[in-house]
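# Structural overview
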Amino acid sequence: MNDTSLKNDGRTGFSRRRFITGTGSLLGAAALAGPTPSAWATPRTAAAPIASGSRVPALVIGTGYGGCVAALRLAQAGTDVHMAEMGMAWDTPGPDGKIFANTTRPDDRSFWLRTRTKQPLSNFLGFPLDRNVNRYTGILDAEEFGGITVYQGRGVGGGSLVNGGMAVTPRRENFGAILPTVDAEEMYSTYYPRANSGLGVATIDPAWFEEADCYQYARVGRKHAQRAGFPFLFVPAVYDWDYMKREAAGTVPRSALDGEILYGNNHGKKSLQKTYIDRIRATGRVTISPLHKVTTVTPAPDSGYTVLIDQLDTTGRTTATKTVTADKVFFAAGSVGTSKLLVGLKATGALPLLNDEVGRGWGDNGNVMCGRANHLWDPTGKLQASIPTGGIDNWDAGGAFAEVAPLPTGIETWASFYLSITKNPHRARFTWNAAAGRAELDWQTAWKQPSIDAAKTIFDRINRKEGTIYRSDLFGVHKIWGDHLTYHPLGGAVLDKATDNYGRLHGHPGLYVIDGALIPGNTSVNPFVTITALAERNIERIIATDL
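A few points on the structure. All values reported here derive from a predicted model rather than from experimental measurement.

### Concerning the overall build of the protein chain
- A count of helices and strands for the protein chain gives 13 helices and 20 strands.
- Computed over the C-alpha atoms, the radius of gyration of the protein chain is 23 Å, within 12% of the 24 Å expected from 2.2 N^0.38 for a compact globule of 547 residues.
- Overall size of the protein chain, expressed as C-alpha extent along the three principal axes, is 80 × 50 × 50 Å.
- Here the protein chain holds 547 residues, and the buried ones make up 61% of them.
- By sequence separation, contacts in the protein chain at least 24 residues apart represent 73% of the contacts at least 6 residues apart.
- For the protein chain, the accessible surface area stands at approximately 19,500 Å², while carbon and sulfur atoms represent 52% of it.
- Each charge class in the protein chain was averaged separately, 57 positive and 51 negative side chains, and the resulting centres sit 4 Å apart.

### Observations concerning the pairing of strand β13 (residues 390–394)
- The buried fraction of β13 is high, at five of five residues.
- Alignment of β13 against strand β14 (residues 400–405), held across four bridges, turns out to be antiparallel. Pairing of Asp393 across the sheet is with Phe401, part of β14.

### Brief notes about the pattern of salt bridges
- Summed over all chains, the structure comprises 31 salt bridges.
- A salt bridge links Arg55 to Asp302, with the nearest nitrogen and oxygen atoms 3.5 Å apart. You can see Arg55 sitting in strand β1 (residues 55–61) and its partner Asp302 sitting in the loop between β9 (292–299) and β10 (305–312), a full 247 residues away along the chain.
- Here Arg172 ties to Glu185 by a salt bridge, and the two come within 3.0 Å at their closest N and O atoms.

### Focus on the sheet that holds β13
- Spatially, β7-β13-β14-β15-β12-β18 is the arrangement adopted by the six strands of the open sheet, whose pairing is antiparallel. Edge positions in the sheet fall to β7 (232–234) and β18 (469–470), since each of these pairs with one other strand and no more.
- Contacts between helix α12 (residues 449–466) and the sheet are confined to β12 (368–373), β13, β14, β15 (415–422) and β18, with β12 contributing the most and set at about 10° to the helix.

### Section: the side chain of Asn424
- Tracing the backbone through its elements, the reader meets Asn424 in the loop between β15 and β16 (430–433).
- Separated by 3.0 Å, the side chain of Asn424 and the backbone nitrogen of His426 make a polar contact.
- Excluding anything up to four places from it in sequence, Asn424 contacts Asp364, Gly366, Trp447, Lys448, Pro450, Ser451 and Asn522.

### Quick notes on the sheet that holds strand β5 (residues 140–144)
- The three strands lie next to each other as β5-β6-β19, forming an open sheet whose pairing is mixed. The open sheet terminates on both sides in strands that have one partner only, identified here as β5 and β19 (485–486).
- Two elements, strand β6 (residues 149–153) and β19, share two bridges in a ladder whose sense is parallel. Looking across to β19, one finds that Thr149 is bridged to Leu485.

### Notes on the pairing of β5
- Buried residues dominate β5, accounting for four of its five residues.
- Both β5 and β6 contribute to a ladder of five bridges, which runs antiparallel. Residue pairing across strands places Asp141 opposite Gln152, the latter belonging to β6.
- Linkage of β5 to β6, two consecutive antiparallel strands, is achieved through a turn of four residues.

The rules we used
Residues numbered from 1 in each chain as written. Predicted model: local features only at pLDDT ≥ 70, side-chain atom pairs only at ≥ 80, totals over all residues. Heavy atoms only, no water. Helix = DSSP H or I, 4+ residues; strand = E, 2+ residues; numbered from the N terminus. Rg over C-alpha atoms; globule rule 2.2 N^0.38 Å. Buried < 20%, exposed > 50% of the residue type's maximum accessible area, 1.4 Å probe, protein only. Contact = heavy atoms within 4.5 Å. Areas by Shrake-Rupley, 256 points an atom, 1.4 Å probe, with all protein chains shown as cover. Lys, Arg positive; Asp, Glu negative; His and termini not counted. Charge placed at Lys NZ, Arg CZ, Asp CG, Glu CD. Pairing = 2+ DSSP bridges. Salt bridge = Lys/Arg side-chain N within 4 Å of Asp/Glu carboxyl O. Axes fitted to C-alpha atoms, helices over the stretch in contact; angles between N-to-C directions. Polar contact = N/O pair within 3.5 Å; in protein donor to acceptor, adjacent residues only side chain to side chain.

What follows is the structure, given as structure tokens:
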């Protein structure tokens, strides 16, 4: 950040203290307050969870993109399916009348089993953003490993509940480096179109983009990119753009225009709840058990698999342990969840025939974040839509694609903010720590340097052209790069290595991986459309040959 931006200066006319305590700021009174007694201390839905002793034709572990594709297509093919979801249902409003918490006002609903928030942006103008909360089965898991924090969605709908909604299909010329054993022609002619249709992907109206106050930040990002010689690309998203127009007109409750994204979106976002899960429920063949965590999968004495499932309360305490038999099991707990579970099952002898590729090939999709301090004549706007609409492409020349991201503080910040996806070659491995009884990841923070170098090929050049510098107040004191996290975990049970070329786990017939664990570490863009398309491809083959 420019030195003058941290002082009481003529450029902003604000003191740092006055700036940080503005109405709607990320550091408003709510963000600085201590915890209050939890208003969500008991379950808010009366579900009919799976009973111990049940036998099901297909058990899907997780309700994210891959799991929802598998459940829907299996049900449409006539198979009864049960889905076990570790998180909550997120279908009932809380005492404030809303299902999800606001991004600028995190509360107990915001984080998974933490007593203090761990927000991706940890600081603002030198002030810490995190606050104490009550332990609760909230929507965003900030799972910490030795060298990285992995952000994951917790609840029915998985990562679709908390991601930015950017639904990007990789450029076809990049696909061979993403999934080299998959037929690109099939993916681009059949499965990517099927995924985009199923997810409700659409692109913003370009004319409305040009006039909307809420996308001033994106237009500033476009101007700076183009003046530095980079192409700016509109990217599709899973948001109801007509709803956003009505938000701007003031005729419906605000959602994206109230900054809702990180801890869920109450209205306009087309999460899996509104797309695949709606169609899943309509089949009448799928049941879902929220707050159910699968702990063990072993071959059953006769056929199929014996599955142990812990039922949780909203403090994370196990209230019951259930034994279920499944003819087939689909691992769809997300890259981290699936990888940890499989590594543990192999190491403890529950599934001893899994091969040595299980746990390998994990990557962060090259995620790195940064901000830039703009001049007074380039305000980014007090009102910022939380759904990104565009990105800067320097993949071929510099190995980076950067989404122009919102910073929805409710006040003018003169800041441009970016999440970059980069060509990072480093891959980590999950291993089992027998003494501690847990899976561990050997990622090293220093492995982020290739991502920083790739991102700098964009932002160093923009800064030189604009005469601006990086913000250094967003990720800690005097820290420019958000190199401590990923939103896009991938790999750990890589396709055609830990599994065959359609996700069948080696050594144990009837076990499948159907989520982002199949993708070896990078998709060159936001990954959820690719995860969905690959799941559509794989489940089609599995239904045709295995059922």
